[in-house]
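Listed below are the residues making up each chain.
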Amino acid sequence: MTAQPLTAKDYKSDTKPIWCPGCGDYSVLAAVTKALAELQLPKEKVAVVSGIGCSSRIPAYVAAYGFHGVHGRALAVASGVKLARPDLTVWAFGGDGDGLSIGGNHFLHSCRRNVDMTYVLMDNQVYGMTKGQASPTTEPDWCESKLTPKGPQVTPIRPLHLALACGANFVARGFSGDPNGLAKMIVEASKHPGFSFVQVLSPCVTFRAEQRNWKQLVHESEDAEEVASDVPEAMRRLAADDGFATGILYAGDRPVYQPMHPAVTELAAIERRFAS
Amino acid sequence: MSGDEVGSFLAHAIALEDEAAERYSDLADTMDTHNNGEVAALFRQMAEFSRRHADSVRERAVGVEVPERKPWELMWSEPEGPETAPVERTHYLMTPYHCLQLALHNERRGHAYYADQAAKAGDADVRRMAEEMAAEEAEHVRLLEEWVKTIPEPEPDWDQDLDPPTTGD
């Protein structure tokens, strides 16, 4: 008997999301399960890793191996998983605070190191789980938090610029309001060798209610049909970026970091060392 | 009945209902999680309606070669199918009135989609099916409009929560 192909539904876990109704992260989850269905990856061959934050709850909702890690350390954990188990498909998830503030340093070096994995940064320009503080991608004049009553007054980080400058091998921006298009983008990112970075504009309808209007602002990049394969060209395109253009910006061919040294210490020996 | 156009039309019709059912089902779970059982039950009912419609389209498709379409290959005028409820139009305090208005919004879009398909179909079978489905969607719209009339409109401050779960810092 031939096995039935897995559907998106098969990749949903039995744990129901607790995100606020209206949150963009629901659609990112839908895109992730659709992407997994397209790739037909066996569940035991996928590791979904995250840090801390609303978006970082996603491993609980995907029927695969999951690791809900330490704040900002999703990429460190994901890199370790991939280096130890190159046979796994490793996807890391997190938000703008987790990935660009607390985990900012790991982000830089993950781009540079180019381990073969995919990082999906669900960007809502706010710390949602801690109830609405400015994040590294918040606009300088956003005054809704009591911690920054006059706005953070700092230039926001531009995730695509940063990823490109630091050497990410695949750089793209998607939108939660287009889960089907996002699913395709995640498939492309996952298939591309090396460190693939996907920024997803994912509205926080609770602390940034105005982001419900992102659907009107998001548009496909003018260059969406022709992906840049060299960094200067991708940078030139970013110079005109309004922050809402979606598509694959860059796909490079840098060598993937994957040391070929096999594991020499058996798990039991490591466990004995920790036990003593 | 044969031809690529028929198969493609039916692939879209099935996806339209499947995606709508999946979204309604997700929204029902969300509302359950947020302790809004009344709206959760309504969303579950909508999911069931969409599943039945999907079954009925599948029955029409017996004997037709329906092509596999990846989600991003479906030719919708918007990023998602016309009857897929937009996530951003939900709220944890939404009432049955809002839920039915959302369903009505989706059914109207469904009707517009099939009317458009009927208008531009090159194949006579596709045109006939699209017209039939547009008529079915028009009936769903009518039923929902009647249903909405039986539900009291919410107060203007329906989304004000005196004990909000997400107070700002």
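In this text the structure is predicted, and so the values were computed from the model without any measurement.

### Quick notes on the overall build of chain B
- Within chain B, the secondary structure is distributed over four helices and zero strands.
- Traced from its N-terminal end to its C-terminal end, chain B shows the element sequence α-α-α-α.
- Taking the principal axes of the C-alpha coordinates as reference, chain B spans close to 60 × 30 × 25 Å.
- In chain B, the share of contacts with a sequence separation of at least 24, taken over all contacts with a separation of at least 6, comes to 79%.

### Examining the overall build of chain A
- For chain A, the helix and strand inventory stands at ten helices and eight strands.
- For 276 residues, the compact-globule estimate of 2.2 N^0.38 gives 19 Å, and chain A sits close to it at 19 Å.
- Along the first, second and third principal axes, the C-alpha atoms of chain A reach 55 × 45 × 40 Å.
- Taken over 276 residues, chain A has a buried fraction of 50%.

### So, the sheet that holds strand β8 (residues 245–251) of chain A
Residues and elements named next belong to chain A.
- Strand order in this open sheet of eight strands is β2-β1-β3-β4-β6-β5-β8-β7, and the pairing throughout is mixed. Every other strand in the sheet has two partners, leaving β2 (65–68) and β7 (219–220) as the edge strands with one partner each.
- With seven bridges joining them, strand β4 (residues 117–123) and strand β6 (residues 195–201) adopt parallel strand pairing. Across the sheet, the residue bridging to Thr-118 is Ser-196, located in β6.
- Where helix α3 (residues 74–84) meets the sheet, it contacts β1 (46–50), β2, β3 (89–95) and β4, and its direction lies at approximately 175° from that of β3.

### Re the interface of chain B and chain A
- At the interface, 21 residues of chain B touch 29 residues of chain A.
- When the residues that make up the side of chain B that touches chain A are grouped by side-chain class, the tally is seven nonpolar, eight polar and six charged.

### Considering helix α4 (residues 124–149) of chain B
Residue and element names in this part refer to chain B.
- For α4, which comprises 26 residues, the first-to-last C-alpha distance of 38 Å matches the rise-based estimate of 38 Å (1.5 Å per residue) to within 8%.
- Looking at α4, one finds that the buried residues are Val-126, Met-129, Ala-130, Met-133, Ala-134 and Glu-137.
- Where α4 is buried, its residues contact α1 (4–33), α2 (37–60) and α3 (96–120).

### Overview of the nonpolar core
- Of all hydrophobic cores here, the largest spans 73 residues; its most connected members are Val-48, Ala-92, Val-120, Val-171, Ile-186, Phe-197 and Val-200 of chain A.
- Sort the elements by how many residues they give to this core and helix α1 (residues 25–39) of chain A lands first, with nine residues.
- Setting aside chain neighbours within four positions, we find Val-48 of chain A in contact with Ile-58, Pro-59, Val-62, Ala-64, Tyr-65, Gly-66, Trp-91 and Phe-93 of chain A.
- Counting residues in each nonpolar core, the second largest holds 32 residues, with Ala-13, Leu-42, Val-57 and Leu-100 of chain B among its members.

### Some details on the packing of α2 of chain B against α3 of chain B
All names here are of chain B.
- As a packed pair, α2 and α3 sit with axes 9 Å apart at the nearest point and diverge in direction by 20°. Judged by the angle between their axes, α2 and α3 are roughly parallel. The handedness of the crossing between α2 and α3 is right-handed. Each of Glu-38, Val-39, Leu-42, Phe-43 and Met-46 in α2 lies in contact with α3, whose residues at this interface are Pro-96, Cys-99 and Ala-103.
- When the residues that make up the contact of α2 with α3 are grouped by side-chain class, the tally is seven nonpolar, no polar and one charged.

### Here's the deal with the packing of α1 of chain A against helix α7 (residues 179–191) of chain A
All names here are of chain A.
- Remark: α1 packs on α7, axes separated minimally by 8 Å, with the N-to-C direction vectors making an angle of 50°. As the angle between them shows, α1 and α7 are arranged oblique. As α1 runs across α7, the sense of the crossing is right-handed. Here Ser-27, Val-28, Ala-30, Ala-31, Val-32, Lys-34, Ala-35, Glu-38 and Leu-39 of α1 come into contact with α7, specifically with Pro-179, Asn-180, Leu-182, Ala-183, Ile-186, Val-187 and Ser-190.

### Quick notes on the environment of Tyr-11 of chain A
All names here are of chain A.
- When you line up the elements, Tyr-11 lands in the segment before α1.
- Linking Tyr-11 and Lys-43, residues 32 residues apart in sequence, is a C-alpha distance of 7.6 Å.
- Those residues in contact with Tyr-11 that sit more than four places away from it in its chain are Leu-6, Thr-33, Leu-36, Ala-37, Val-62, Ala-63 and Ala-64.

### What to know about the pairing of β8 of chain A
Residue and element names in this part refer to chain A.
- Buried residues dominate β8, accounting for five of its seven residues.
- Bridge analysis of strand β5 (residues 170–175) against β8 gives four bridges, and the strand direction is antiparallel. Directly across from Phe-170, in β8, lies its bridge partner Ala-251.
- Pairing analysis gives two bridges linking β7 to β8, with the strands arranged parallel. Across the sheet, the residue bridging to His-219 is Ala-245, located in β8.

### Digging into α2 of chain B
Residues and elements named next belong to chain B.
- Counted at 1.5 Å a residue, the expected span for α2 with its 24 residues is 34 Å, and the 35 Å between its end C-alpha atoms agrees.
- Listing the buried residues of α2 in full gives Val-39, Leu-42, Phe-43, Met-46, Ala-47, Ser-50, His-53 and Val-57.
- Buried residues belonging to α2 abut α1 and α3.

### As for the environment of Arg-73 of chain A
- Mapped onto the elements, Arg-73 of chain A comes out in the loop between β2 and α3.
- Sequence separation between Arg-73 of chain A and Ser-145 of chain A is 72 residues; the distance between their C-alpha atoms is 26 Å.

### What about unusual backbone geometry?
- Unusually for a residue other than glycine, Gln-40 of chain A sits at a positive phi of about 50°.
- With respect to the helices, strands and loops of the structure, Gln-40 of chain A is situated in the loop between α1 and β1.

### Details of the confidence of the model for chain B
- Per-residue confidence for chain B gives a mean pLDDT of 94, with 95% of residues at or over 70.
- Quick note on the complex model: pTM equals 0.93, ipTM equals 0.92.

Basis of the calculations
- Residues numbered from 1 in each chain as written.
- Chains lettered and ligands numbered in written order.
- Predicted model: local features only at pLDDT ≥ 70, side-chain atom pairs only at ≥ 80, totals over all residues.
- Helix = DSSP H or I, 4+ residues; strand = E, 2+ residues; numbered from the N terminus.
- Contact = placed C-beta atoms within 7 Å.
- Rg over C-alpha atoms; globule rule 2.2 N^0.38 Å.
- Buried ≥ 20, exposed ≤ 12 C-beta atoms within 10 Å, placed from the backbone.
- Pairing = 2+ DSSP bridges.
- Axes fitted to C-alpha atoms, helices over the stretch in contact; angles between N-to-C directions.
- Nonpolar A, V, L, I, M, F, W, Y, C, P; charged D, E, K, R; others polar.
- Expected span 1.5 Å × (residues − 1).
- Core = buried A, V, L, I, M, F, W, Y, C linked by C-beta atoms within 7 Å.
- Parallel < 35°, antiparallel > 145°, perpendicular 65-115°, else oblique.
- Left-handed = near helix turned anticlockwise from the far one by under 90°.
- pLDDT = per-residue confidence, 0-100.

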